[in-house]
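# Inside the fold
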Amino acid sequence: MPPLKLPVFQDSAPAEGDGDRPWRSLGEKASRPEPSRELGEQAPPLEASRRSVLQMLGASAAFATMAGCFKPPDEKILPYTKQPPEVTPGIPSHYATSSTLDGRATGLLVTSNEGRPTKIDGSPEHSSSGGGAGVLEQAALLSLYDPQRSKVFKYKSQPRSMHDFLAATAANGKSLQQTAGAGLRFLMEPSSSPLLLRMRERVLERYPKAKFVTWSAIPLQRIHDGGVLAFGAPYDTRLDLSKASVVCSLDADLLSAMPGTIAQMRQWAEKRDPENPMGRLYAVETNLTVTGMNADHRLRMKPSQVEHFGLALLGRLAQRVPALAQYAPLASKYELDAAQSRFANALAKDLVKAGKGALVAAGPRQPAMLHAAAHAINAALQSDCAKLAKPVLHDTDAGPRALLSLTQEMRAGAVDTLVITAWNPVYGAPFDLNFGKALSQVKSSVYRSLYEDETSTRAGWTLPALHPLETWGDARAHDGTVSFVQPLIAPLYGGMTEVEVLASFLGEGDRTTYTQLRDYWRTKSPDAFEMTWEKWLADGFIDGTATEAETPAVKHDAILAEANKARAAASGVEINIVPDYKVWDGRFANNAWLQELPDPVTKTTWENHARISPAFAAKLGVENGDLVDLGLRGPPAQGPVVIEPGHADDCVTVAMGYGRSGPGEELAKGLGFDTATLRHSDTPWMDTGLTVVVTGGKSPIAQTQEHHSMEGRLIAVSTTLARLPKAKERLEEERGVPLTYHQPVAYPGHRWGMTIDLGKCTGCNACMVACQSENNISVTGKDGVIRSREMHWIRVDRYFTGDENDPGVVFQPLMCVHCESAPCEYVCPVNATVHSDEGLNEMVYNRCVGTRYCSNNCPYKVRRFNFFNYTGNFSETEKMVFNPDVTVRSRGVMEKCTYCVQRIERMRITTRVQERAMRDGDVVTACQQACPSTAIVFGDLNDETSKVSKLAREERRYDLLHELGTRPRTGYLARVMNPNPELA
């Protein structure tokens, strides 16, 4: 019986030669790909430059060793398991802590082996993570062991000691007291730390005329400005997607596994189960985002049009919702074209029908007016999905406006002493501020940072910062829950915390952060403090401290007045600047794990690009890799083009965080281009008047999307809710195809397997970083990626379908599927790849001689070959990142996913000691543990009550390349979308 064609992307499979087949790139859309090769025919010679060698080493540079041995923190830390904290060799401990980004905390659970942290996961009980973890939190582990971190106190580039700094600060403090601190300024990160707030109050008590300025390169200010417009005061919006039935994202990337979205991803995953009422997601955006790729309906438009669309939507809702009646004129004031109008009408009807299950979310880069409009809509619909609460940040004015005011004071000579603990303002500040020059004019300046970066070269005193895994602290989570930061290891290089910098101006530089933290919280719980304190540290947070939700009245008259003043739609080419999915605003640029991680949309690595639509590329006459000059009220920025299907026309999207030039971040130097000249204080994220000039040059792009081809076979199955019954029938027929050449094998004990729900997977790449951290996977550098030599054991395939301007998208995580009839096993001449008695496809590294026959015979292309000894020259510090349970492979060895066999074996030992059988959920793979959307499930297929066994019997389940008879242990659940019939 011939194999059946599966319902991939559409109801009927495309006929041979049909142009509607899935495609990964525009080149593949134009013609079927040639059979893939592991090495290209004309691969350029490998340049063994110093940077390429450093990239291959993985952690960063490897030219320095740490003096002395690592040791645990001096102060008492409490394990998450609440067991005695004695270290037992070979037995890992787990500690609860938190990471903060832009002031808000995400709860983490860190694995420690013999006193060194080796793995970061989400804390299962913390409200901001719920057990999941994004790429930034997990990859922070590699930054801890980076030898390029700042190590030495310096004054005007000359080495000094901490004692010298404290003495200089004490002397300066005496003169500042005489003027009540009139010339003293602090430029700090956004913060929600109760301890830092108290330290700031104490500093102002001593220096009443001093000022604190808060700044972040990432947009925060407009969110709170929207609250001021809508309610008269700033508010945080807490989203609860578990109650949502219709969600409209106006440039709000809700599903991207960034800090603040992890809990939302898990909530939305629950709404994508076709057995329950499904939610529906609309996305309005310029560039293709993770949220846009997961939307049931997506509308692309230029950056300036998103606000106009939101106000037009408000006008249409006014005709259906009495509470919004006064906004009715906006429907005609903000005109939409035919396609946009059809989209807005259907969306408005759907939102009204959803009622309390409706949600409109505006992105942080959007104007305050759009945030206020979203507030008005959610309030009028009485949405249960958006609750309002007082901000958790101490300062809500944390954007270009605050930095502009400070810079003007610096130029006017009103600042005598400037203390900077914010991340790298010389690099991240808008171009027109010229903050670096203003900093050079300040008489006395202090800068604390993890690396010697662009700001370090302009500051007087430069202080090394401690990594979050080396220090104590507190902060509030996104819902206001007080969370604690506790160290997992004593400082590797020394340094200071933000608390200690402020303490030095109080004459308390000798008091540690731990002492300050305990003393502060002792005042909050004086009774039985020791027991309370230990519980707080063991849990990682204080239960019940989330800020209360409020229901302020909406100021509709103020919103309408501002809406009538909104500017008209712009013409010409526009710039669209976004934070990067991997390096954020640039602070993670020296992290090799993140640099080699493919962008979830473009699948590019190691740099940023000028992303444009296919139509705009045709107008410019450019292809992928062509260099263009981007100019906007300043010197041009030059970068290579990447053509992005689904991108809006006549605009260019660039990610910030690249083009670094700091003296201490050698790995990041020369990667990508700096977007500073495209960012101005009045328009830091989007603007009109962009010029695009084709230079005629080209630059190679390290892009993984066309590596490891499935040779045209369609493997990512997707359908719609309406077509699901028919799809289930066809999947059942496919599963019933007899494979007579397969001889079933009995597995009397465990039969390990995995199921991945494509309906829940958002393509966020969290599983890739988790696998890399757990299994000691090397990076290969940009040249290695160009040659298809990346070493990731998991790849997340991204497929487009349909029109290149408005394509459909589906993701498919793919690792070794552990075939029961594995093609790799019978071609290995040395029996290095074998089958275990529990069904695992195992690799015996000591037998492997590198023939790569197994890779050639693998239809899934999930095996990786070590071409170089990537880990051979690691320093002692860098070796500390390795998981001791996993072999560190050397050159000439084939490697692949093992279903985290080390975790299986560790749990086998544990259950034997406990004299019990393994239970479902005892073994959790690294990718499963990290996945914020719970798309990955692992367990014993022989246990009929296990979750993986139940999913394996689901009607949506199918096997990749079933017709080959490989009998994979990893099954997939077909993706189900929920489009609006009016827009289908």
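Residues numbered from 1 in each chain as written. Predicted model: local features only at pLDDT ≥ 70, side-chain atom pairs only at ≥ 80, totals over all residues. Heavy atoms only, no water.

### Considerations on the sheet that holds strand β4 (residues 153–155)
- The strand order β5-β4-β16-β15-β14-β6-β7 describes an open sheet built from seven strands, whose pairing is mixed. Strands at the two margins of the open sheet, each flanked by one partner only, are β5 (158–160) and β7 (211–214). When the angles between neighbouring strand axes are averaged without regard to direction, this sheet yields 20°.
- Of the pairings in the sheet, the one linking strand β6 (residues 184–188) to strand β14 (residues 417–420) comprises four bridges and is parallel in character. Among the inter-strand pairings, L187 is bridged to a residue of β14, identified as I420.
- Each of β6 and β7 touches helix α5 (residues 194–206); the most contacted strand, β7, lies at about 145° to it. (Pairing = 2+ DSSP bridges. Helix = DSSP H or I, 4+ residues; strand = E, 2+ residues; numbered from the N terminus. Axes fitted to C-alpha atoms, helices over the stretch in contact; angles between N-to-C directions. Contact = heavy atoms within 4.5 Å.)

### Structural notes on the sheet that holds strand β8 (residues 236–239)
- Pairing is antiparallel in the open sheet, where three strands are placed in the order β8-β13-β19. In this open sheet, the two strands that pair with only one neighbour each are β8 and β19 (549–550).

### A look at α5
- Taking 1.5 Å of rise per residue, the 13 residues of α5 would be expected to cover 18 Å, and the 19 Å separating its terminal C-alpha atoms lies within 8% of that figure.
- Within α5, the full set of buried residues consists of P194, L195, L196, M199, R200 and V203.
- Among the structural elements, β6, β7, β17 (473–477), α16 (498–504) and α17 (513–522) are those in contact with the buried residues of α5.
- Two or three places before L195, at the start of α5, stands the capping residue S193, its side-chain oxygen 3.3 Å from that residue's backbone nitrogen. (Expected span 1.5 Å × (residues − 1). Buried < 20%, exposed > 50% of the residue type's maximum accessible area, 1.4 Å probe, protein only. Polar contact = N/O pair within 3.5 Å; in protein donor to acceptor, adjacent residues only side chain to side chain.)

### A look at the packing of aromatic side chains
- Tallied over the full model, the rule gives 20 aromatic pairs.
- Ring geometry for F231 versus Y235: centroids 5.5 Å apart, planes at 80°, classification edge-to-face.
- Accessibility expressed as a relative area gives 9% for F231, which makes it buried.
- Between F865 and F867 the ring centres are 5.1 Å apart and the planes differ by 85°, which places this aromatic pair in the edge-to-face class. (Phe/Tyr/Trp six-rings, centres within 6.5 Å; stacked < 30°, edge-to-face > 60°.)

### As for helix α23 (residues 766–774)
- Across the nine residues that make up α23, a large majority, nine, are buried.
- Turning to α23, its buried residues number three or more, namely A766, C767, M768, V769, A770, C771, Q772, S773 and E774.

### With respect to the nonpolar core
- One finds F186, F484, W521, W533 and Y860 to be the most contacted residues of the largest nonpolar core, which totals 162 residues.
- The element best represented in this core is helix α3 (residues 135–144), accounting for seven residues.
- Beyond its immediate stretch of four places on either side in the chain, F186 contacts V203, K211, F212, V213, V419, L502 and F505. (Core = buried A, V, L, I, M, F, W, Y, C linked by side-chain atoms within 4.5 Å.)

### Focus: the side chain of T118
- As for its position among the elements, T118 is in strand β3 (residues 116–122).
- The class of T118 is buried, set by a relative accessible area of 3%.
- A distance of 2.7 Å separates polar atoms of two side chains, one belonging to T118 and the other to N113.
- If near-sequence neighbours (up to four positions away) are discounted, T118 is found in contact with T111, N113, L141, S773, M880, V881, F882 and P884.

Taken by themselves, the reported measurements are silent on function.
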